[in-house]
Amino acid sequence: MHAIRNIVVLTGAGLSAESGLATFRGPGGLWEGHRVEDVCTPEALAQDPALVHRFYDARREALDTVEPNPAHQALARLDAAWAGELLIVTQNVDDLHERAGAQRLLHMHGALRSALCAACGTRMPHEGALPPGSGCSACGAAALRPDIVFFGEMPYDMDRIEAALADADLFVSIGTSGAVYPAAGFVQMAAHFGAATLELNLEPSAGSHWFEESRLGPATRLVPEWVE
Ligand SMILES: CC(C)NC(=O)[C@H](Cc1c[nH]c2ccccc12)NC(=O)[C@H](CCCC/N=C(/NCCC(=O)O)S[C@H]1O[C@H](COP(=O)(O)OP(=O)(O)OC[C@H]2O[C@@H](n3cnc4c(N)ncnc43)[C@H](O)[C@@H]2O)[C@@H](O)[C@H]1O)NC(=O)OCc1ccccc1
C-alpha cells in the first residue's frame, strides 16, 4: 500500500451523538414527529418559515448545552499533527469540530452559528434566535434564513471537496448512514482515484460495501484508536 500523505475525513451525525445531539435516522429522529425532509427543504421554508426558523433556533440554542467529545478531540489532534494534506468534511451543522480545535474543516451542509441572506447570498456569523424576515446587514433585505443546505440545494465547497477526494491516499468516513447524496458518493469517488477507504461507524451503513475496511463501534472509542 502506497504511503498515506493526503487524507479526507467525512463526518456525520454519529460523531456528535455521544455529545448528546440527536442523529437523523436514529430512534426518535430529530424533530417532534417532523421528518427532516419536511423542515429542511426550500418548499418548507416558503410554506412555513416560522416552523423552519424555530427548528434551527432550537438546534442553535442546544449547542450551548453540549461539548465536543473524545472523537472530535482526536480529529483536532490529528489536524494539528498531520504534516500531509488533511481535509475534514462534515455534514454536521453543529460547531463541535471547531470547538475541539479542528482547523482544516469545512461544513458542506452549512452551520447553525451562521445566517444566509436569501437576497444577496451573504453568509454571516449568527447567534441566538433568527426570526423570519430578519434584516441583512449587507443588502438591507429582510431575507435572512438559517445558513443550512436544504434538500435540493447544492452543498457548499463541492469543488474543494472533489479536488481533495481526487488527491486522497486515504478516505475515512465516521458516523454517517450513507443515505444522503452527494456525501454518500464520496467513498466511490475516492476509491476511483485509488484511495484506501475506511469506515468507522456504530453499525453497518448503506455504503459499507464500498469500503475496504469497516470498524463497528462508538466514535469515542474508534476515532482515538485510529488517530493514535
Ligand atoms: C434522502 C436522500 C435520498 N436525498 C438526497 O440525498 C438528496 C437528493 C439526491 C441528490 N442526489 C441523489 C442521488 C440519489 C438519491 C437522492 C439524491 N440530496 C440533496 O438534496 C442534496 C443536499 C442534501 C443536504 C441536505 N441537508 C442536510 N443537513 C443540513 C440540515 C440539517 O442538518 O438539519 S442532510 C443531513 O442528513 C444527513 C444525515 O445523515 P447522517 O449525518 O449520516 O446521520 P444519520 O442519522 O442518517 O446516521 C447516523 C449514523 O451514525 C451512526 N452512529 C450513531 N451513533 C454513533 C456513535 N456513537 N458512534 C459512531 N457512529 C454512530 C449510525 O449508525 C448511523 O449510521 C446528513 O447529510 C445531514 O447533514 N442536494 C442536492 O443533491 O442538490 C442537487 C443539486 C445538485 C447540483 C446542483 C444543484 C442542486
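Quantities reported herein were computed from a predicted structural model and do not represent experimental measurements.

Asker: Describe in detail the UniProt feature "active site" (unreviewed entry) in the chain, supporting the description with residues and values.
Answerer: The UniProt record marks His 109 with the feature "active site" (unreviewed entry), using the residue numbering of this structure. On the secondary structure map, His 109 appears in the loop between strand 3 (105-107) and strand 4 (110-117). Those residues in contact with His 109 that sit more than four places away from it in its chain are Thr 90, Gln 91, Val 93, Asp 147, Ile 148, Val 149 and Pro 155.

Asker: I'd like a rundown of unusual backbone geometry, residues and numbers included.
Answerer: For the peptide bond that leads from Tyr 181 to Pro 182, omega is 5°, which places it in the cis range. Along the chain, Pro 182 turns up in the loop between strand 7 (170-174) and helix 8 (186-192). Notably, Asp 157 is not glycine yet its phi reads approximately 55°, a positive angle. Tracing the sequence through the fold places Asp 157 in the loop between strand 6 (144-148) and helix 7 (158-167). Given the relative accessible area of 35%, Asp 157 is considered partly exposed.

Asker: So what's going on with the layout of surface pockets? Which residues, and what values?
Answerer: Estimated volume of the second largest pocket: approximately 190 Å³. Around the second largest pocket sit Asn 6, Ile 7, Val 8, Glu 85, Leu 86, Leu 87, Arg 104, Arg 160, Ala 163, Ala 164 and Asp 167, which together line it. For the lining of the second largest pocket, the element with the most residues is helix 7, which contributes four residues. Residues of the lining of the second largest pocket, tallied by class, amount to six nonpolar, one polar and four charged.

Asker: Explain empty space enclosed by the protein to me, using residue names and the numbers behind them.
Answerer: Taking a probe equal in size to a water molecule and rolling it over the atoms shows the remaining empty space. The tally for this structure, following the rule as stated, stands at one cavity of 30 Å³ or more. Estimated volume of the largest cavity: approximately 100 Å³. Taken together, 14 residues line the largest cavity, and the ones lying closest to its centre are Ser 173, Gly 178, Ala 184, Val 187 and Phe 211. Here the residues of the lining of the largest cavity are counted per class, giving seven nonpolar, six polar and one charged.

Asker: How would you summarise the pairing of strand 7 if you had to cite specific residues and measurements?
Answerer: Buried residues dominate strand 7, accounting for five of its five residues. Here strand 7 shows two buried faces, one formed by Leu 170, Val 172 and Ile 174 and the other by Phe 171 and Ser 173. Of the strand pairs in this sheet, strand 1 (residues 7-11) and strand 7 are connected by five bridges, and their pairing is parallel. Pairing of Val 8 across the sheet is with Phe 171, part of strand 7. Note that strand 7 and strand 8 (residues 196-201) share five bridges and pair parallel. Residue pairing for strand 8: Phe 171 is matched across the bridge by Thr 197. Tracing the backbone out of strand 7, into helix 8 and back to the parallel element strand 8 gives a crossover that is right-handed.

Asker: Residues and numbers for the pattern of salt bridges, please.
Answerer: Tallying each qualifying case throughout the model produces twelve salt bridges. Linking Arg 113 and Asp 64 is a salt bridge whose minimum nitrogen-to-oxygen distance equals 2.8 Å. Within this pair, whereas Arg 113 is found in strand 4, its partner Asp 64 is found in the loop between helix 4 (49-62) and helix 5 (70-81), the two being separated by 49 residues in sequence. Residue Arg 113 is classed as partly exposed on the basis of its relative accessible area of 21%. Notably, a salt bridge pairs Asp 95 with Arg 99, separated by 3.0 Å at the nearest N-O pair. Owing to a relative accessible area of 9%, Asp 95 belongs among the buried residues under this scheme.

Definitions and limits used
- Residues numbered from 1 in each chain as written.
- Predicted model: local features only at pLDDT ≥ 70, side-chain atom pairs only at ≥ 80, totals over all residues.
- Heavy atoms only, no water.
- UniProt positions renumbered as here; feature names shortened; annotations may be inferred.
- Helix = DSSP H or I, 4+ residues; strand = E, 2+ residues; numbered from the N terminus.
- Contact = heavy atoms within 4.5 Å.
- Buried < 20%, exposed > 50% of the residue type's maximum accessible area, 1.4 Å probe, protein only.
- 1 Å grid on protein atoms, 1.4 Å probe; cavity = no way out; pocket = protein on both sides within 12 Å on 5 of 7 lines; lining within 4 Å.
- Points joined across faces, edges and corners; volume = space filled by probe spheres on them.
- Nonpolar A, V, L, I, M, F, W, Y, C, P; charged D, E, K, R; others polar.
- Pairing = 2+ DSSP bridges.
- Right-handed = clockwise from strand over helix to strand, strands pointing away.
- Salt bridge = Lys/Arg side-chain N within 4 Å of Asp/Glu carboxyl O.

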